[in-house]
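So the chains spell out like this:
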Amino acid sequence: MDRLPRLACSDPRLTRLIAIYETLAPATLGALEALFAPKARFVDPFNDVSGPAAIRRVFEHMFETVDAPRFEVLDAAIGAGGGAFLLWNFHFQSRDKQRTPRCIQGTSHLRFDEQGRVLLHQDHWDPARQLYEGVPLLGGLLRRLREHLAAR
């Protein structure tokens with residue numbers, strides 16, 4: 001699939017990263033791996049891995065466990081300390097009988113090395129609300145807990 005990224009920004013590191021993420025496919029995982037520094041760390045609600053090969057395995061697992069995964073970067077910014085932030089949607093289809101289309105909304109905090117490679121990629125999103133609440137029994141319990149803890 002030859003899609004062009006929707007969002008470009010003035011920082012070439014982010015422009016490159018966005019282009020690779022938004023066109024990511026099993027055949028392009030080598031390009032993803034090249035984004036990361038040798039000691040890069042990738043953290044999300046399920047993973048905390050270091051090194052480009054381990055990071056690549058996280059994305060290989062994504063392609064193995066969901067259908068039609070696609071990242072859509074909505075916004076990108078460079079922070080005062082040289083870090084960067086992405087606002088994104090992750091679209092995919094579940095592999096249940098209904099093949100339910102899903103969308104996870106999240107942010108990523110990035111840090112780069114002197115060569116422009118990613119040293120840290122830390123994702124922030126809410127798996128309880130965006131995934132687990134859809135699971136029978138567990139979802140009901142989590143929704144009641146969230147309602148109980150919410151400000152009134």
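Everything discussed here concerns the structure shown above.
The residue count restarts for each chain, going from 1 along the sequence in the order it is written. In keeping with the predicted nature of the model, local features appear solely for residues at pLDDT of at least 70, side-chain atom pairs appear and are counted solely at 80 or more, and the whole-chain, interface and lining totals rest on all residues. With hydrogens and water stripped out, all remaining heavy atoms of the structure feed into the side-chain values.

1. A word on the overall build of the protein
Point 1. Per the convention used, a helix needs a DSSP run of H or I reaching at least four residues, while a strand needs a run of E reaching at least two, with both numbered from the N terminus. Along the backbone of the protein there are five helices and six strands.
Point 2. Along the chain direction, N to C, the helices and strands of the protein fall in the order α-α-β-β-α-β-β-β-β-α-α.
Point 3. Categorising residues by exposure relies on relative accessible area from a 1.4 Å probe, with only protein chains included: less than 20% of the type maximum marks a residue as buried, more than 50% marks it as exposed, and the intermediate range marks it as partly exposed. Here the protein holds 152 residues, and the buried ones make up 40% of them.
Point 4. By the convention used here, residues are in contact when the closest approach between their heavy atoms is within 4.5 Å. Considering only contacts within the protein whose residues lie at least 6 apart along the sequence, 44% involve residues at least 24 apart.
Point 5. About 9,000 Å² of surface is accessible on the protein, with carbon and sulfur atoms providing 57% of the total. Method for areas: the Shrake-Rupley scheme with a 1.4 Å probe, in which residue coverage is limited to the protein chains shown.

2. Thoughts on the side chain of Asn89
Point 1. Mapped onto the fold, Asn89 is located in strand S4 (residues 84–93).
Point 2. For Asn89, a relative accessible area of 10% translates into the label buried.
Point 3. In contact with Asn89, other than residues within four places in its own chain, are Arg70, Phe71, Glu72, Leu74, Cys103, Ile104 and Gln105.

3. Notes on the environment of Arg41
Point 1. Looking at the element boundaries, Arg41 is found in strand S1 (residues 36–43).
Point 2. For Arg41, a relative accessible area of 37% gives the class partly exposed.
Point 3. Not counting residues up to four positions away in its chain, the partners in contact with Arg41 are Asp48, Val49, Ser50, Ile55, Leu119, Leu120 and His121.

4. Overview of the pattern of salt bridges
Point 1. Whenever Lys or Arg places a side-chain nitrogen within 4 Å of a carboxyl oxygen from Asp or Glu, that contact is recorded as a salt bridge. This structure, assessed with the given rule, holds six salt bridges.
Point 2. When the shortest N-O distance is used, the salt bridge between Glu60 and Arg56 registers 3.1 Å. Of this pair, Glu60 and Arg56 both sit in helix H3 (residues 52–65), separated by four residues, roughly a single helical turn.
Point 3. Across the pair Arg117 and Asp113 runs a salt bridge, and its minimum N-O distance is 2.9 Å.
Point 4. According to the relative accessible area criterion, Asp113 is buried, its value standing at 9%.
Point 5. Members of the salt-bridge network, linked through shared partners, are Glu33, Arg56 and Glu60.

5. Focus on the pairing of S4
Point 1. Buried residues dominate S4, accounting for seven of its 10 residues.
Point 2. Strands qualify as paired when DSSP identifies two bridges or more between them. Summarising the sheet, strand S3 (residues 67–78) and S4 pair through nine bridges and their orientation is antiparallel. When the sheet's bridge partners are listed, Ala76 is paired in S4 with Leu86.
Point 3. Hairpin connection between S3 and S4: a loop of five residues separates the two successive antiparallel strands, and Gly82 in this loop has a positive phi of roughly 95°.
Point 4. Examined bridge by bridge, S4 and strand S5 (residues 101–112) share 10 bridges and lie antiparallel to one another. Along S5, the bridge assignment pairs Gln93 with Pro101.

6. A short note on the nonpolar core
Point 1. Here, nonpolar core means buried Ala, Val, Leu, Ile, Met, Phe, Trp, Tyr and Cys residues that are tied together by side-chain atoms lying within 4.5 Å of each other. Judged by nonpolar contacts, the single largest core of 33 residues is most densely connected at Leu24, Leu32, Phe59 and Leu86.
Point 2. Every element with two or more residues in this core is listed here: helix H1 (12–22), helix H2 (29–34), S1, H3, S3, S4 and S5.
Point 3. Broken down by element, the residue count for this core peaks at six residues, all from H3.
Point 4. Among residues more than four places away in sequence, those in contact with Leu86 are Leu14, Leu17, Ile18, Val73, Asp75, Ala76, Gly106, Thr107, Ser108 and Leu110.

7. Notes on the sheet that holds strand S2 (residues 48–50)
Point 1. Taken in spatial order, the six strands line up as S2-S1-S6-S5-S4-S3 in an open sheet, and their pairing is mixed. Strand pairing shows two members of the sheet lacking a second neighbour, S2 and S3, which therefore form its edges. This sheet shows a mean twist of 20° between the axes of neighbouring strands, independent of strand direction.
Point 2. As judged from the four bridges shared by S1 and strand S6 (residues 118–124), these two strands associate in the parallel manner. Residue pairing across strands places Phe36 opposite Val118, the latter belonging to S6.
Point 3. Whenever a helix is involved, its axis is fitted only over the stretch in contact; in every case the axis is a line through C-alpha atoms, and angles between N-to-C directions fall within 0 to 180 degrees. On top of the sheet, H1 reaches S1, S3, S4, S5 and S6; it is set at about 165° to S3, its chief contact.

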